[in-house]
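What the coordinates show
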Amino acid sequence: MEEAPVYSFASGQSALPADLLEMVQADVKGWRQSGSSVLALPFTCHDAREILHETETGIRQLLCVPDEYDVLFLQGGAYAQFGILALNFGNPNRLGAYVQTGHWSDRAANEAKPWMRVHCAAQGDGTRLPSPDEWDVPPRATYCHYTSNESAEGLQFKAVPRIAAVPLITDMTADFLTRPMPVRNLGLLYASSQKNLGIAGMTIVVAARAFLERCGDHVPAPFHYRR
Ligand SMILES: *Cc1c(COP(=O)(O)O)cnc(C)c1O
């Protein structure tokens, strides 16, 4: 008798389909005609580049990412990205506006504090989301950050807000690829892989190339959005 699949509705790892797990199993044993496990492919080889290219193409198609946006695959989860984001764009004179609606956006704001001045653009009460009309976003802010789905509180913005004055950044970890997103309304979005996409260990960043021009030069290369 086939075992019933186990679904977890707690936040955490996403369930992966059985046929995908079988594909992964086969690829770990041997990647296509390469004679090597997918885990042992040199990152400079054609097969590894193909895997990256196919993955990027898939994301670009699914999210309708405009050509003038970069797609980056970075190590670490979204929690790591909270600090890396502010490290890239911050300096002691720059201001980051943070819409603080719960557990994850509070953490994002706290992790930004060593790298830039942080302004609370709106404070949620854990039961409702402050409407974008109520956000206090200083026009001189380098960006405005919000969390599109606060998974701890169960609060989700139904639409991407329109903020004309400054680039909008969203932590889309908990609703990445669940619906079409107007990427053009955003300066940058990021989502760690384990909630909606696959296994832990990677975060996808999609960013307007023009906005990335504003990254500082002091960031270690592996964490720099433009290197
Ligand atoms: C889970 C979650 C995170 C943390 O992601 P990690 O990859 O575990 O660091 C960040 N933001 C949101 C909205 C989340 O749901």
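Residues numbered from 1 in each chain as written. Predicted model: local features only at pLDDT ≥ 70, side-chain atom pairs only at ≥ 80, totals over all residues. Heavy atoms only, no water.

Right, let's get into the overall build of the chain. When helices and strands are counted, the chain shows six helices and nine strands. In terms of overall size, the chain behaves like a compact globule, its C-alpha atoms giving a radius of gyration of 19 Å where 227 residues would be expected to give roughly 17 Å. For the C-alpha atoms alone, the extent of the chain along its principal axes is close to 55 × 45 × 30 Å. Taking all 227 residues of the chain together, 44% fall into the buried category. Excluding contacts between residues fewer than 6 apart, the proportion of contacts in the chain whose partners are at least 24 apart in sequence is 54%. Per element, the accessible surface of the chain, about 12500 Å² overall, is 55% carbon and sulfur. Charge separation in the chain, taken as the distance between the mean sites of 19 positive and 24 negative side-chain charges, equals 8 Å. (Helix = DSSP H or I, 4+ residues; strand = E, 2+ residues; numbered from the N terminus. Rg over C-alpha atoms; globule rule 2.2 N^0.38 Å. Buried < 20%, exposed > 50% of the residue type's maximum accessible area, 1.4 Å probe, protein only. Contact = heavy atoms within 4.5 Å. Areas by Shrake-Rupley, 256 points an atom, 1.4 Å probe, with all protein chains shown as cover. Lys, Arg positive; Asp, Glu negative; His and termini not counted. Charge placed at Lys NZ, Arg CZ, Asp CG, Glu CD.)

With that settled, consider the packing of aromatic side chains. Here the structure, examined in full by the defined rule, presents 10 aromatic pairs. Centroid distance Phe-89 to Phe-211: 4.3 Å. Interplanar angle 10°. Geometry classified as stacked. Here Phe-89, found in helix α3 (residues 78-89), pairs with Phe-211, found in helix α6 (residues 209-212); they are 122 residues apart in sequence, far enough to count as distant. Neither Phe-89 nor Phe-211 differs from the other in exposure class; each is buried. Joined through ring pairs, the aromatic side chains of Phe-89, Tyr-98, Tyr-143, Phe-211 and Tyr-225 make up one cluster. (Phe/Tyr/Trp six-rings, centres within 6.5 Å; stacked < 30°, edge-to-face > 60°.)

A common measure of how large an interface is: the accessible area buried when the components associate. Domain annotation of the chain identifies domain 1 (16-63) and domain 2 (67-223). Averaged C-alpha coordinates put domain 1 and domain 2 at centres separated by 28 Å. Tallying the contact residues gives eight residues for domain 1 and 15 residues for domain 2. For the pairing of domain 1 and domain 2, the buried interface totals around 900 Å² over both sides, and the portion due to carbon and sulfur atoms is 78%. Among the residues domain 1 hides against domain 2, the three largest losses belong to Ile-59, Arg-60 and Leu-63. Together they make up 64% of the total. Applying the counting rule to domain 1 against domain 2 returns zero salt bridges. Scanning the region where domain 1 abuts domain 2 turns up one residue pair in polar contact (both at pLDDT 80 or more). Per-class residue counts for the side of domain 1 that touches domain 2 are five nonpolar, one polar and two charged. (Domains from an automatic or database assignment. Buried area = accessible area lost by both parts, 1.4 Å probe. Salt bridge = Lys/Arg side-chain N within 4 Å of Asp/Glu carboxyl O. Polar contact = N/O pair within 3.5 Å; in protein donor to acceptor, adjacent residues only side chain to side chain. Nonpolar A, V, L, I, M, F, W, Y, C, P; charged D, E, K, R; others polar.)

Residues in contact with the ligand amount to 14 residues; listed here are only the nearest, Tyr-79, Ser-151, Asp-171, Ser-192 and Lys-195. Between the ligand and Ala-78 there is a distance of 3.0 Å, counted from an oxygen atom to a backbone nitrogen or oxygen. Between the ligand and Gln-194, the relevant distance is 2.9 Å, taken from an oxygen atom to a side-chain nitrogen or oxygen of the residue. For the ligand, whose unbound accessible area comes to 390 Å², protein coverage reaches 90%. Counting residues per element, the shell around the ligand draws most heavily on α3, which supplies three residues. Residues of the shell around the ligand, tallied by class, amount to five nonpolar, seven polar and two charged. (Near = heavy atom within 4 Å.)

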